[in-house]
Amino acid sequence: MNQKPNESAVDGLPLNTIIDGDCIDVMNTLPENSVDLIFADPPYNLQLKSDLHRPDNSKVDAVDDHWDQFDSFAAYDSFTRNWLKAARRILKPNGAIWVIGSYHNIFRVGTALQDAGYWILNDVVWRKSNPMPNFRGKRFTNAHETMIWASKAEGSKYTFNYEALKAMNEGIQMRSDWVLPICNGHERLKDENGDKAHPTQKPESLLHRVLLGTTNPGDVVLDPFFGTGTTGAVAKMLGRDFIGIEREEAYRKVAQKRIDNLRKYDSDALAVSLSKRAEPRVAFGQLVERGMLRPGEVLTSPRGKEAKVRADGTLVSGEAAGSIHQVGAVLENAPSCNGWSYWNFRRDGKTVSIDLLRQQIRSEMRQRPN
């Protein structure tokens, strides 16, 4: 097992390291009760039997890699039970796990979770705002994936940052159906040949919401199927420690380069809310989790007043903290304020209204996939 040396390793944990090896073997070497959260994106066992083509006869870059091949459902179930057992051993008593999957595997994974002693807290539907169409036209478009969030045991005191998620959603309780785009554009990592580095790269916005909502700064997050490192990248930015396990060398190289080029947000930006609070509705927090605005970035008002963006989509300016509307109202000593028209940011030397970013997201919501 090869791993990058790490001086910050404590209590036997190789923190902020991508480990080369089989996930079950590696997890069995880690200390018991040592990890706060596990995010797992296991093979989906898609059972593809032949190539998939678009109507113009061009081939779809589908998931046909060897790591997604299993001889039978029984073989997949055995694999699932074994990695879930290894994962539960290393979770702290109040730890939790997220597992993402599709209709091919998530029901089998859910059964295995319960059989292993985990306690299911929620199933969260990631509804893709720009899903791939069903090219054969014989089924519904697969427009969502399912995530299961479970604690280690029924009585576990798991982390749930309710107010932070509510603040990210502009003061409304976060629901279990999340509308977020699939990974594309500038976020999609490419290999040396210009091809997709990984067929199922998850968007940072998805992991931002998971880690912001169910971990705290300094927590240890383990991803046993690390791929190109989305979990590690978001963990680093949000001030969490990560451990990644990945047996494919090509993925490890891409992930390491990606993470090395990131910086951790400053401590002020990592603070999250501890108190309360027609066109498609867009929460300011979506601009942050999608990377359109970054925690720590400074917004300005028409009269030159400033506020700093925080990781959960709130602002802080001196003693004032809250939503874009609340902070604007405080700074103007007014009963209310429309934060969308009040706040601006700087790009390429120009002052731009944050409302333009909201309109961009709304436009994406209205667009049909190509």
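Residues numbered from 1 in each chain as written. Predicted model: local features only at pLDDT ≥ 70, side-chain atom pairs only at ≥ 80, totals over all residues. Heavy atoms only, no water.

The next point concerns the confidence of the model for the protein. Of the residues in the protein, 86% reach a pLDDT of 70 or more, and the chain-wide mean stands at 87. Below a pLDDT of 50 lies the segment residues 1-10, which in the model reaches 23 contacts outside its immediate sequence neighbourhood of four places, other chains included. Within the model, the stretch residues 48-63 combines pLDDT values under 50 with 24 contacts to residues more than four positions away or in other chains. (pLDDT = per-residue confidence, 0-100. Contact = heavy atoms within 4.5 Å.)

Further remarks concern the pairing of strand β14 (residues 350-353). Bridge count for strand β13 (residues 344-347) against β14 is four bridges, and the pairing is antiparallel. Note that in β14 the partner of Arg346 across the bridge is Thr351. (Pairing = 2+ DSSP bridges. Helix = DSSP H or I, 4+ residues; strand = E, 2+ residues; numbered from the N terminus.)

Looking now at empty space enclosed by the protein. What the largest cavity holds in volume is close to 60 Å³. Put simply, the parts of the chain that give the lining of the largest cavity at least two residues each are β6 (177-180) and α12 (355-366). The dominant element in the lining of the largest cavity, judged by the number of residues it contributes, is α12, at three residues. Residue composition of the lining of the largest cavity, grouped by class: five nonpolar, two polar and two charged. (1 Å grid on protein atoms, 1.4 Å probe; cavity = no way out; pocket = protein on both sides within 12 Å on 5 of 7 lines; lining within 4 Å. Points joined across faces, edges and corners; volume = space filled by probe spheres on them. Nonpolar A, V, L, I, M, F, W, Y, C, P; charged D, E, K, R; others polar.)

Membership of the largest hydrophobic core comes to 37 residues, with the highest contact counts inside it found for Trp98, Met147, Trp178, Leu206, Val210 and Leu211. Apart from the residues within four sequence positions on either side, Leu206 is in contact with Ile100, Trp126, Met147, Trp178 and Leu180. Met27, Ala40, Ala87 and Ala150 belong to the second largest nonpolar core, which has 33 residues in total. (Core = buried A, V, L, I, M, F, W, Y, C linked by side-chain atoms within 4.5 Å. Buried < 20%, exposed > 50% of the residue type's maximum accessible area, 1.4 Å probe, protein only.)

The next subject is helix α3 (residues 106-115). Three or four residues apart is the spacing at which side chains of an α-helix point the same way, because the helix has 3.6 residues per turn. Restricting attention to buried positions, one finds in α3 the residues Ile106, Val109, Gly110, Ala112 and Leu113. Relative to the axis of α3, the buried residues are bounded by an arc of 165° and lie together on one face. α3 presents Phe107, Gln114 and Asp115 as exposed residues on the side facing more than 90 degrees away from its buried surface. (Arc of directions from axis to C-beta.)

The subject of this paragraph is the environment of Gly313. The topology assignment puts Gly313 in the loop between β10 (306-309) and β11 (315-317). We classify Gly313 as buried; its relative accessible area is 4%. Counting along the chain gives ten residues from Gly313 to Ser323, while the straight-line C-alpha distance between them is 7.3 Å. Not counting residues within four places of it along the chain, the set of residues in contact with Gly313 comprises Met168, Phe284, Gly285 and Val288.

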